[in-house]
Amino acid sequence: MKIEITFQIYLLQKRFVEIFAMVKLMKNLIYNPDIFFKNIAKKPANLKSTLFMIMINSFMVSINSILVFWFIPHIQNNKYFLLTMAIMFMAMFLIFLVYFLILWLVIAGISHIALIKIFNGVGNFKKTIEVISYVSISILVGLVFNIIIQILGNWTNTSYKIMGAISTLSFVVISIWGVLLFAKGIQYTYNLSFKKSLIIPIFTFLLIVILNTSQSILSFYGV
Amino acid sequence: MKKQPLFFILTFLILILTNSINAIEFTSFDYKNEYLEPGKTYDIWVVINPDEEINNTILSIVPYGISKEYIQIIKGVDYEGHLFQNEKGIGHFIIKIKDNAPSYDYEVVVYCNYTKNGKQYSENRIFKIPVRGEAIIEIQNPPILKEGTNKIYLRITNKGTGIAENIKITFENGKNVYALSNSYVINYLKPGETKLIRLILYANGEIGELPYTITYQNPYNLLELTDKTETDTSTTSTYKNQKTIEEKGTLTFKIVPNDLISINLKNITYPVGKINNLTISIKNNYKDANFIITIGKYYLGNNQKTIFIKKGETKEISFKIKINEMGIKEIPIKIYFDENEINKNLTINVIGKAELVLTGVNVEGFGEKIITGDLSNIGTAPAKSVLISIKKTKNIIPKRPYENYFVGTLNPDDYGSFELHCQINGTVNEIPILITYRDENNNLITIYKTIKINRDVISSKNGNKGEMNYLVIGIGVLFCIGVVYLIYRGFVRKNND
């Protein structure tokens, strides 16, 4: 018994250590992306964290989307409001999960082929996917901010114009950050110079902007 | 010789009868008048003349038959005592003819009880008392005259007990009141009977007096004894004949202005089946008075109200009415004030009315609004050619083809759905809606309504909660600065190093 409990505690401790390590990694990613991606490039590809990031991303985008419906007036008077919202959330979560999976694979694939063929880079496809998942941290931060702003704005009766402006501003800043992070990741994964590696992320970013012709808040973060 | 025994018997009988009965003789029965009148008290004298000496003579008077009801005996017994032969005995009685005695020859029996030679005897005789009632004519006139020409009825009543004949009433020119025709004749008036005279009078001023002379006749000579002289041989009586009676009097009127009050209705058309206020305005031209106003139909709750109105003032009074039928209706109204009563009919027009309301309205969409709902007729008349449209304003632009919607005819209790589209720019709290329809008389009626939209969806509201907005903006700006700092720290600074 005693041994078992000790083992359990050991496992729990291991989990905590892992989480701490993750947090430390994230801290590095945010404060010092240069060192972070250098370390990542040395390590073998880890798709576990990629899957985890996809799930978190889908979750956040779903919350962000559901909030738009949540705050539509008169809908809350519906008898089955909470049930509808729950079902919608689940559906959105699954849809975004698949959506992100495909999107990231496409982005990673295009980037990988382009980098190898055009820039003669040497890199790993799996590694590229992992890099994209880390880059999505920046979008995650933007989403969290957007959710907070939506709740706060609705609570204080802030007009949609102001909220839209703030969202757009944050999107621009976050996009720049994301592009830079992506470039940093490519730089170390494919052994390219930073300026060269910037071309692909900017191109990807422009592609996404063009694809999302609709200008709603949802579409910015639905990437 | 066969007849001798019969003759003998007859002679004997006559002898017996005359001897026993005719001991006294009633010589006179006197009441000093030709006729007696009801309600008066009379002295009656009965004179007897005995043929023989009699004792203990008592005279008494007793009404007979129907007379018992109408003749009251006040003094009915008179004691005479001893009377010699041919000594006149006078009995004095007092009777009263009751007030309600009709004209008739009443009968009384006078008894005379006496003793003669130790034996008691009673003799009687019936006398007639002719009662003739006197007519008493009373004239009643309405107390109030209006200024100008008045048609009034005079009530001529015979309050007496006798019939009055050839009644003639003559009017003279009076003070403030003038009769347009001078004399009137009524043939007869039975006791208790009333006849009306239609009289046209012209009145002017405040108080009017109209002197009149009335003459009428009793159908018989009503002779009253005024003087009587008696000698040993004869009696002379002087009578006053009251057959024809002439009386003078004055009719008094109060003269009031012609239009005492004027009544007006504030509104003459009323919607059917609804509770309405019937407001009546009353102008008082008469004098300060309390007015009691009563309406006789269609009222709800109280139908009588009292209001004090000063002279020259106009006041309004309201009753709650409800009429469930359409058409021209009359409401009877009664107004009492200062002993006057005015009856009038108020004419009102009860009409049906279409009443359109918006029900189940739903507004959808963000930029382009889609308004759906029903237009319901909750009124009592049909609405024809109902058209609903959005009124164009600076911020609201109706969108084709749903800028208007034709609903058609809406009967009472009917409804029709509609759909409208519009584009909204800027701050809009409500969308103005225009509904036009034709009523039963083909009049075009336009109604303006508004549909409120929830502010959260569209409006951009500033000012009211400005500080909170600044908080949100502040957080947003701080976040962006934070991210820019992170970019600077992660990329720019590193490169510089």
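Our structure's up above, just so we're on the same page.
Residues numbered from 1 in each chain as written. Chains lettered and ligands numbered in written order. Predicted model: local features only at pLDDT ≥ 70, side-chain atom pairs only at ≥ 80, totals over all residues. Heavy atoms only, no water.

1. Topic: the packing of aromatic side chains
So the rule is basically this: Between 30 and 60 degrees the pair is tilted, below 30 it is stacked and above 60 it is edge-to-face, where a pair is any two Phe, Tyr or Trp rings, Trp via its six-membered ring, whose centres lie within 6.5 Å. Here the term buried applies to any residue with accessible area under 20% of the maximum for its type, exposed to any over 50%, and partly exposed to those in between, with areas from a 1.4 Å probe on protein chains only. We call a charge positioned above a ring when the Lys NZ or Arg CZ atom is no farther than 6 Å from the ring centre and deviates by at most 35 degrees from the ring normal.
Using the criterion set out here, one finds 18 aromatic pairs over all chains in the structure. Both rings, one in A:F36 and one in A:F37, keep their centres 5.1 Å apart while their planes meet at 85°; by these two values the pair is edge-to-face. By relative accessible area, which is 1% here, A:F36 ends up buried. A connected cluster of aromatic rings, assembled from ring pairs, spans A:F96, A:Y99, A:F100 and A:W104. A cation over a ring is seen here: B:K116 above B:Y121, with NZ or CZ 5.2 Å from the ring centre. The positively charged end of B:K305 is found above the aromatic ring belonging to B:F319, 5.2 Å away from the centroid.

2. Observations regarding the pattern of salt bridges
Rules: A pair is scored as a salt bridge if a Lys or Arg side-chain nitrogen falls within 4 Å of a carboxyl oxygen belonging to Asp or Glu. Starting at the N terminus, helices and strands are each numbered in turn, a helix being any DSSP run of H or I of at least four residues and a strand any DSSP run of E of at least two.
What the rule picks out here adds up to 12 salt bridges over all chains. A salt bridge links B:K116 to B:E52; its shortest N-O distance comes to 3.3 Å. A residue pair is termed long-range when its members are at least 10 positions apart, and B:K116 in strand 7 (residues 104-116) and B:E52 in the loop between strand 2 (41-50) and strand 3 (54-64) qualify at 64 residues. You can call B:E52 partly exposed: its relative accessible area is 31%. Here B:E316 and B:K266 are joined by a salt bridge, their closest N and O atoms 3.8 Å apart. Within this pair, whereas B:E316 is found in strand 25 (residues 314-322), its partner B:K266 is found in the loop between strand 20 (261-265) and strand 21 (269-271), the two being separated by 50 residues in sequence. On the basis of relative accessible area, B:K266 is assigned to the exposed category, the value being 59%. Three or more residues are tied together by salt bridges with common partners; here these are A:D34, A:K38 and A:K184.

3. Thoughts on the sheet that holds strand 1 (residues 24-30) of chain B
All names here are of chain B. Applied cut-off: What makes two strands pair is DSSP finding at least two bridges between them. Lines fitted to the C-alpha atoms define the axes, with helices restricted to the stretch that makes contact. Angles between their N-to-C directions range from 0 to 180 degrees.
Reading across from one edge, 1-2-6-4 is the order of the 4 strands in this open sheet, with antiparallel pairing throughout. Both edges of this open sheet fall to strand 1 and strand 4 (71-75), since each of them pairs with a single strand only. Between one strand axis and the next, the sheet turns by 30° as a mean value, whatever way the strands run. In terms of strand pairing, strand 4 meets strand 6 (residues 89-97) through 4 bridges, oriented antiparallel. Looking at strand 6, one finds that Q72 is bridged to K96.

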